[in-house]
Amino acid sequence: MIKDAEFWEKHDDKIRCLLCPHSCVIAQGKSGLCSVRTNMNDALSTMNYGEITAIAMDPIEKKPLYRFEPGRKILSVGSFGCNFSCDFCQNYSIAHYRAESRYISPDELAELCKSAEDNIGLAFTYNEPSIWYEYVYDTSKLLKERYPEFKAVLVTNGYIQREPLLKLLPYVDAMNIDLKAFHKDYYRNVCGGDIEHVKRTIEESYDKCHVEITTLLVGGLNDSPEEVASIASYLASLDRDIPLHLSRYFPTYKMTLPPTDIDVMLKSRHIARQYLNHVYLGNM
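Below is a summary of the structure that appears in this document. Just so we're clear, the structure is a prediction, and the values are computed from it rather than from any experiment.

1. Some details on the overall build of the chain
Turning to step 1, where the next piece is worked out: The secondary structure content of the chain amounts to 8 helices and 16 strands.
Turning to step 2, where the next piece is worked out: Computed over the C-alpha atoms, the radius of gyration of the chain is 18 Å, within 12% of the 19 Å expected from 2.2 N^0.38 for a compact globule of 284 residues.
Turning to step 3, where the next piece is worked out: C-alpha extents for the chain along the principal axes are approximately 55 × 45 × 35 Å.
Turning to step 4, where the next piece is worked out: Each of the 284 residues in the chain was classed as buried or not, and the buried ones make up 53%.
Turning to step 5, where the next piece is worked out: A sequence separation of at least 24 residues applies to 69% of the contacts in the chain between residues at least 6 apart.

2. Focus: the pairing of strand 3 (residues 14–17)
The side chains of a regular strand alternate between both faces of the sheet.
Turning to step 1, where the next piece is worked out: Alternating residues of strand 3 divide into Ile-15 and Cys-17, all buried, and Lys-14 and Arg-16, none buried.
Turning to step 2, where the next piece is worked out: Sheet analysis places strand 2 (residues 8–11) next to strand 3, joined by 4 bridges and oriented antiparallel. Bridge assignment links His-11 to a residue of strand 3, and that residue is Lys-14.
Turning to step 3, where the next piece is worked out: Hairpin remark: strand 2 followed by strand 3, antiparallel, with 2 residues in the connecting loop; positive phi at Asp-12, about 55°.
Turning to step 4, where the next piece is worked out: Of the strand pairs in this sheet, strand 3 and strand 4 (residues 25–26) are connected by 2 bridges, and their pairing is antiparallel. If you follow Arg-16 over to strand 4, its bridge partner there is Val-25.

3. Brief notes about the packing of helix 2 (residues 106–115) against helix 3 (residues 133–146)
Each packed pair of helices is defined by two parameters, the angle between the axes and the distance between the axes.
Turning to step 1, where the next piece is worked out: Remark: helix 2 packs on helix 3, axes separated minimally by 9 Å, with the N-to-C direction vectors making an angle of 50°. Here helix 2 is positioned oblique relative to helix 3, judged by the angle of their axes. Crossing hand, helix 2 versus helix 3: right-handed. Between helix 2 and helix 3, the residues in contact are Pro-106, Asp-107, Leu-109, Ala-110, Glu-111 and Cys-113 and Tyr-135, Asp-138, Thr-139, Leu-142, Leu-143 and Arg-146, respectively.

4. Here's the deal with the sheet that holds strand 5 (residues 37–40)
One key point about sheets: their strands pair by backbone hydrogen bonds, in either a parallel or an antiparallel sense.
Turning to step 1, where the next piece is worked out: Spatial ordering of the open sheet is given by 1-6-5, a layout of 3 strands whose pairing is antiparallel. Here the strands that pair on one side only, and so sit at the sheet edges, are strand 1 (3–4) and strand 5.
Turning to step 2, where the next piece is worked out: Sheet analysis places strand 5 next to strand 6 (residues 43–46), joined by 4 bridges and oriented antiparallel. In the sheet register, Thr-38 faces strand 6, and the bridge partner there is Ser-45.

5. Overview of the environment of Asn-283
Turning to step 1, where the next piece is worked out: Residue position: Asn-283 is located in the segment after strand 16 (279–282).
Turning to step 2, where the next piece is worked out: With 38 residues separating them in the primary sequence, Asn-283 and His-245 have C-alpha atoms 10 Å apart.
Turning to step 3, where the next piece is worked out: The residues contacting Asn-283, other than those within four sequence positions of it, are Gln-90, Leu-216, Ser-247, Arg-248 and Phe-250.
Turning to step 4, where the next piece is worked out: One polar contact links the side chain of Asn-283 to the main-chain carbonyl oxygen of Arg-248, over a distance of 3.0 Å.

6. Some points on the side chain of Ser-205
Turning to step 1, where the next piece is worked out: Mapping Ser-205 onto the fold places it in helix 6 (residues 195–205).
Turning to step 2, where the next piece is worked out: What makes Ser-205 buried here is its relative accessible area of 0%.
Turning to step 3, where the next piece is worked out: In this structure the side chain of Ser-205 is engaged in a polar contact, spanning 2.7 Å, whose partner is the backbone oxygen of Thr-201.
Turning to step 4, where the next piece is worked out: Those residues in contact with Ser-205 that lie beyond four places of it in its chain are Leu-165, Leu-169, Met-175 and Val-211.

7. A few points about helix 6
Turning to step 1, where the next piece is worked out: Taken residue by residue, helix 6 has Ile-195, Val-198, Lys-199, Thr-201, Ile-202, Glu-204 and Ser-205 as its buried positions.
Turning to step 2, where the next piece is worked out: For helix 6, the elements touching its buried residues are helix 4 (162–168), strand 13 (174–178), helix 5 (184–191), strand 14 (210–217) and helix 7 (225–238).
Turning to step 3, where the next piece is worked out: Between a side-chain oxygen at the N-terminus of helix 6 and the backbone nitrogen of Glu-196 the separation is 3.0 Å; the capping residue is Asp-194.

8. Topic: helix 3
Turning to step 1, where the next piece is worked out: Between its first and last C-alpha atoms helix 3 spans 20 Å; for 14 residues at 1.5 Å apiece the expected length is 20 Å, and the two agree.
Turning to step 2, where the next piece is worked out: All of the buried residues along helix 3 are Tyr-133, Glu-134, Tyr-135, Val-136, Tyr-137, Thr-139, Ser-140, Leu-143 and Lys-144.

Analysis parameters
Residues numbered from 1 in each chain as written. Predicted model: local features only at pLDDT ≥ 70, side-chain atom pairs only at ≥ 80, totals over all residues. Heavy atoms only, no water. Helix = DSSP H or I, 4+ residues; strand = E, 2+ residues; numbered from the N terminus. Rg over C-alpha atoms; globule rule 2.2 N^0.38 Å. Buried < 20%, exposed > 50% of the residue type's maximum accessible area, 1.4 Å probe, protein only. Contact = heavy atoms within 4.5 Å. Pairing = 2+ DSSP bridges. Axes fitted to C-alpha atoms, helices over the stretch in contact; angles between N-to-C directions. Parallel < 35°, antiparallel > 145°, perpendicular 65-115°, else oblique. Left-handed = near helix turned anticlockwise from the far one by under 90°. Polar contact = N/O pair within 3.5 Å; in protein donor to acceptor, adjacent residues only side chain to side chain. Expected span 1.5 Å × (residues − 1).

So, in structure tokens, the structure goes:
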């Protein structure tokens, strides 16, 4: 469904999108880097409002959230599009291609959430939730107002501007935020982003909702002891109780490096535990 988008301004004869730090300047008929926010008739529109490409009941641990409602299940939904270009994208079929979708209104999704058996709430996941911001905001707000006992969860790369983040946070109960590395070159060359904006999202969010962090360790790129220590010490400077998930990389999408060495994963957990109280290994 095409819907008017928020967070933009006129930029000469084009439009500047202000949702994420890319701040794309978009010509008439063109889209931003996310491929879903489009200049239509000199106004910004979002192309994926309510367009669901994946829906499932998942264990909350799959998000991964290990210290938020453990042992429970959550209704999980995703759309298409992403504002990153990670070479190792595990959901590239919906992140970077227009997958088949069907429209589900915020009202209908809230009722699906209510009727799902043993469900604790709604998780926006699979693709980047921030780039279908208007739908995520409308649905989370409706869900919390209608059924305040249900939880709203984001699984996100954290690449969003401060204003839209702060507008959404009152309706979010938990987030898993990817912290993909701790140096700028990796973010720029492998993911197409800037670490400083992700750090700002973590810093704005960790004391407003439950936050857990995931780092995918890729052999030879971001798995050095020094980098793992930098990630863990940074999180500890905010709160030692922030859970960190160290996830093992496997070749996928454009990246063909071999899987991350198991011994490196174990050593990385040992290093991170010197700073943080809760460190977990994933994809093992």
